Amino acid sequence: MKYAFSKTFLALMAVGLVTVSCGQSENKPAENINEAVATANAPEEKILNIYNWSDYIAPDTIENFEKETGIKVRYDVFDSNEILHAKLIAKNTGYDIVVPSSNWAKQQIEGGLFQKLDKAKLTNWKNLDEGILKQMEGVDPGNQYLVDWMWSYNTVGINEDKVKAALGDTPMPENAWDLVFNPTYTSKLKACGITYLDTPTDVFQAALHYLNKPVFTASNDDYQAAFDMLMKVRPDIKKFNSGGQIEDLAGGNVCVAFGWAGDFNLARKRSIENKSEQKIVALVPKTGGLIFMDTMAIPADAKHPNNAHLFMNYIMQPKVTAAITNEVTYANPNKAATEFVDEEIRNNKSIYLSDEDIAKLVPAGVEGQEAKRTLTRFYTKFKSGV
Ligand code: N2P
């Protein structure tokens, strides 16, 4: 694969994603036709409230949008799907755009938490990669609710020099996941600092993958096995922290992380910018990582849906999306943006993966509610370490 998703990748994304009809309830009909027309045409106040992942945008993305449109943006950030999901189900988030990962978005669509996109307002839709759109139908039939933001995968990131020094005579493992899940390695790496994402689902998905078990399982025994394995490395883990990994790696505070590949590349970039020059690398495990795709959606009760559409359409401009990729080192789903992506990023094989590596990624799936409760219970015990 060069600059867009390959067929292999797209086929993978589809596996495990069951097409379902959406459960969005219809809005209460307007009393009469005049009222309906007035509502549709009512000018919105020039405000837009966005809730996105931390470190996921270029410095001038919002500023340029505000200049172009006169719309004032409030931009808040979060670090886990769990946090966003809890807000969405409580309703009245106050946000007009949120950015869940696609597997979480599937459940949110089914739960009626989003409103349909008005494609007539999204004139830049044509720039999106057709293949991705097709695969997104696995979570969003007819591409009615979601617009891709960026994609990457969960994996292991290292500070190469510090890890080699901490391992001493022990060679690097064949399987990169050993660095965070095998006590032979973690006991040595403990000295330079191991950090994990602080989300129950991400940690258990990766642990199940390492154990060659189904990643999106309903089996209590599977979660128990993952928990037992995780408890063996628990004493060696220094931190549970999602959004802070970039800074921790770039500052040399930790040497190994279980986290997002994009953030590891960004940590390397930041360490070059701040002249600490840490050799931070996103490893592409031979056994594969776990793919994610983060998507923009408009909450059902958003107060500024028209402004939300304007923002989505603005983001879908090739240069705007490319500038985000160039800043945050995540691959984007905009085909027309590729020519504006820095060559160094386009050629980075841990950002734009090879076909072979893509074929090894674990496709996004969804745990049932009961399974989520089980793994969250196990996670809490694991994190507390008792
Ligand atoms: C960007 C975080 C990516 C989020 N800093 C993982 N879904």
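Relevant structure appears above.
From a predicted model like this one, the values you see are computed outputs, not experimental measurements.

Quick notes on the rules
- Residues numbered from 1 in each chain as written.
- Predicted model: local features only at pLDDT ≥ 70, side-chain atom pairs only at ≥ 80, totals over all residues.
- Heavy atoms only, no water.
- Helix = DSSP H or I, 4+ residues; strand = E, 2+ residues; numbered from the N terminus.
- Buried < 20%, exposed > 50% of the residue type's maximum accessible area, 1.4 Å probe, protein only.
- Areas by Shrake-Rupley, 256 points an atom, 1.4 Å probe, with all protein chains shown as cover.
- Pairing = 2+ DSSP bridges.
- Contact = heavy atoms within 4.5 Å.
- Axes fitted to C-alpha atoms, helices over the stretch in contact; angles between N-to-C directions.
- Disulfide = S-S within 2.5 Å.
- Near = heavy atom within 4 Å.
- Polar contact = N/O pair within 3.5 Å; in protein donor to acceptor, adjacent residues only side chain to side chain.
- Nonpolar A, V, L, I, M, F, W, Y, C, P; charged D, E, K, R; others polar.
- Core = buried A, V, L, I, M, F, W, Y, C linked by side-chain atoms within 4.5 Å.
- Domains from an automatic or database assignment.
- Arc of directions from axis to C-beta.
- Parallel < 35°, antiparallel > 145°, perpendicular 65-115°, else oblique.
- Left-handed = near helix turned anticlockwise from the far one by under 90°.

With that settled, consider the overall build of the protein. Within the protein, the regular secondary structure consists of 18 helices and nine strands. Out of the 386 residues belonging to the protein, those deemed buried represent 56%. A total of about 16,300 Å² of accessible surface is found on the protein, and carbon and sulfur atoms cover 52% of it.

Overall, parallel pairing links the three strands, which are arranged β2-β1-β3 in an open sheet. Where the open sheet ends on each side, the last strands, each with one partner, are β2 (72–78) and β3 (97–98). Helix-sheet contacts for helix α4 (residues 81–90) involve β1 (47–53), β2 and β3, and the interaxial angle to β1 is about 140 degrees. Strands β1 and β3 of the sheet are contacted by helix α14 (residues 305–315), whose axis makes an angle of about 55 degrees with β1.

The next subject is the state of the cysteines. A covalent bond between the sulfur atoms of two cysteines is what we call a disulfide. Scanning the model with the defined rule gives one disulfide in all. Each sulfur in the disulfide pair Cys192 and Cys255 lies 2.0 Å from the other. Judged by the sign of its S-S torsion, about 65 degrees, the bond between Cys192 and Cys255 is right-handed. Of this pair, Cys192 sits in the loop between α9 (183–189) and β5 (194–196) while Cys255 sits in the loop between α12 (245–250) and β7 (256–260), and the two are 63 residues apart along the sequence. By the burial criterion, Cys192 is buried, and Cys255 matches it.

What follows deals with the site of the ligand. Around the ligand, the surrounding shell consists of Trp53, Ser54, Asp55, Tyr56, Ser101, Trp260, Asp263, Phe292, Asp294 and Tyr330. Within the backbone of Asp55, an N or O atom sits 3.2 Å from a nitrogen atom of the ligand. The fraction of the free accessible surface of the ligand (270 Å²) that becomes covered by protein chains is 98%. Its residues assigned to classes, the shell around the ligand shows five nonpolar, two polar and three charged.

With 117 residues, the main nonpolar core has Tyr196 and Phe311 as its most contacted residues. Sort the elements by how many residues they give to this core and strand β4 (residues 147–159) lands first, with seven residues. In this structure, this core is formed jointly by two domains, domain 2 (47–149 + 293–347) and domain 3 (152–291 + 364–384), each of which donates at least three residues. With residues up to four places along the chain from it excluded, the contact list for Tyr196 reads Val180, Phe181, Val203, Leu230, Val233, Ile237, Lys239, Phe240, Asn241, Gln245, Phe258 and Phe382.

Here we take up α4. Looking at α4, one finds that the buried residues are Asn81, Leu84, His85 and Leu88. For α4, the angular spread of the buried residues around the axis is 100 degrees, confining them to a single face. At its buried positions, α4 is contacted by β1, β2, β3 and α5 (102–110).

What follows concerns the packing of helix α11 (residues 220–233) against helix α18 (residues 369–384). Where α11 meets α18, the closest approach of the two axes is 10 Å, and the angle between their N-to-C directions is 15 degrees. Here α11 is positioned roughly parallel relative to α18, judged by the angle of their axes. In terms of crossing hand, the pair formed by α11 and α18 is right-handed. Of the residues in α18, those touching α11 at Asn220, Tyr223, Gln224, Phe227, Leu230 and Met231 are Ala371, Thr374, Leu375, Arg377, Phe378, Lys381 and Phe382.

Before going further, it helps to spend a moment on the pairing of strand β9 (residues 290–296). Of all seven residues making up β9, seven are buried, and the element is well covered by its neighbours. In this sheet, β9 lies alongside β4 in antiparallel orientation, the contact comprising seven bridges. Across the sheet, the residue bridging to Val147 is Met296, located in β9.

A separate point is the pairing of β7. Taking burial as the measure, the five residues of β7 include five buried ones, the bulk of the element. Pairing analysis gives five bridges linking β4 to β7, with the strands arranged antiparallel. Across the sheet, the residue bridging to Asn154 is Trp260, located in β7. Here three bridges tie β5 to β7, and the two strands are oriented parallel to one another. The partner of Ile194 across the bridge, within β7, is Val256.

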